[in-house]
Amino acid sequence: MLREIRPAITLLLVLTAITGLAYPLAMTGIAGAVFPSQAQGSLIEQDGKVVGSALIGQEFKDEKYFHGRPSATLAPDPTDSTKTVSALYNAANSGGSNLGPTSKALADRLKEDVDRLKAENPNAAVPVDLVTTSASGLDPDISPEAAQFQVPRVAKVRNMPEEQLRQIVASNTRGRLLGLLGEPHVNVLALNLALDRAAAK
């Protein structure tokens, strides 16, 4: 019986070493050599300090900044572990709200957000991505239209010419991958950092 079990145990140990240790270490090493920034989380630094990741959205409340998509991520309620509370851009618990088109809570939030944005810029249509959450709740990007929609507010608060802000948005707009995949987008953190640099000049 030991003669039949020994090859199975040997094979298990060999495959565990290959697939559980050697392969992951090799892929980590190759990723670190070929794509060093991405392998480290696509971190964005300013003045030698990490200020965020290009892959995870952040909440920008101040009116002098461009705002990202709404986030629907949650976290455990500190007062009752059986419940959850809203925790915007919580990367430890990504996911959408799962509220459907018949949800009153979703309809109320959408109406509130649309009304607030229409008051901010009454002459333009509200871009969909400024009122809808992404499936992960962590989307770091907005459409160029969503960024352009916010230009009048940011220009007014910062006392900067709108045309200058439109140029900053255009220079931070990324096109489709290989010209085919995805949609043009603007990384909100990168845009706000560029905005701060321009304002400091």
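Quick caveat: nothing in here was measured; it's all calculated off a predicted structure.

Participant: I'm lost on the environment of Val151 in this one. Help?
Facilitator: Mapped onto the elements, Val151 comes out in helix 4 (residues 144-158). On the basis of relative accessible area, Val151 is assigned to the buried category, the value being 0%. Through-space distance from the C-alpha of Val151 to that of Glu162 is 6.3 Å; in sequence the pair is eleven residues apart. Excluding residues within four positions of it along the chain, Val151 makes contact with Phe66, Glu162, Leu165, Arg166 and Val169.

Participant: Explain the sheet that holds strand 5 (residues 141-142) here, please?
Facilitator: The pairing of strands in a sheet comes from backbone hydrogen bonds and takes either a parallel or an antiparallel form. Spatially, three strands are ordered 5-7-6 in an open sheet, and the strand pairing comes out antiparallel. Each edge of the sheet is formed by a strand with only one pairing partner; in this case those strands are strand 5 and strand 6 (173-174). Pairing analysis gives two bridges linking strand 6 to strand 7 (residues 185-187), with the strands arranged antiparallel. Bridging from a neighbouring strand, Arg174 pairs with His185 of strand 7.

Participant: Can you walk me through the layout of surface pockets in this structure?
Facilitator: Empty pockets left among the atoms are what a rolling probe the size of a water molecule brings to light. The computed volume of the largest pocket comes to approximately 550 Å³. As for the largest pocket, its lining consists of 28 residues, and the residues nearest its centre are Arg69, Pro70, Ser71, Asp113 and Arg116. Elements represented by at least two residues in the lining of the largest pocket include exactly helix 3 (104-120) and helix 4. Among the elements that make up the lining of the largest pocket, the one with the highest residue count is helix 3 (eight residues). Tallied by class, residues from the lining of the largest pocket come to twelve nonpolar, eight polar and eight charged.

Participant: Could you clarify how one ought to interpret empty space enclosed by the protein in this entry?
Facilitator: One pass over the full model with this rule turns up one cavity of 30 Å³ or more. In this structure, the largest cavity spans a volume of roughly 60 Å³. Lining the largest cavity we find Ser53, Ile56, Gly57, Gln58, Gly68, Arg69, Tyr89, Asp139, Pro140, Asn187, Val188 and Leu189. Class assignment of the residues belonging to the lining of the largest cavity gives a composition of five nonpolar, five polar and two charged.

Calculation rules
Residues numbered from 1 in each chain as written. Predicted model: local features only at pLDDT ≥ 70, side-chain atom pairs only at ≥ 80, totals over all residues. Heavy atoms only, no water. Helix = DSSP H or I, 4+ residues; strand = E, 2+ residues; numbered from the N terminus. Buried < 20%, exposed > 50% of the residue type's maximum accessible area, 1.4 Å probe, protein only. Contact = heavy atoms within 4.5 Å. Pairing = 2+ DSSP bridges. 1 Å grid on protein atoms, 1.4 Å probe; cavity = no way out; pocket = protein on both sides within 12 Å on 5 of 7 lines; lining within 4 Å. Points joined across faces, edges and corners; volume = space filled by probe spheres on them. Nonpolar A, V, L, I, M, F, W, Y, C, P; charged D, E, K, R; others polar.

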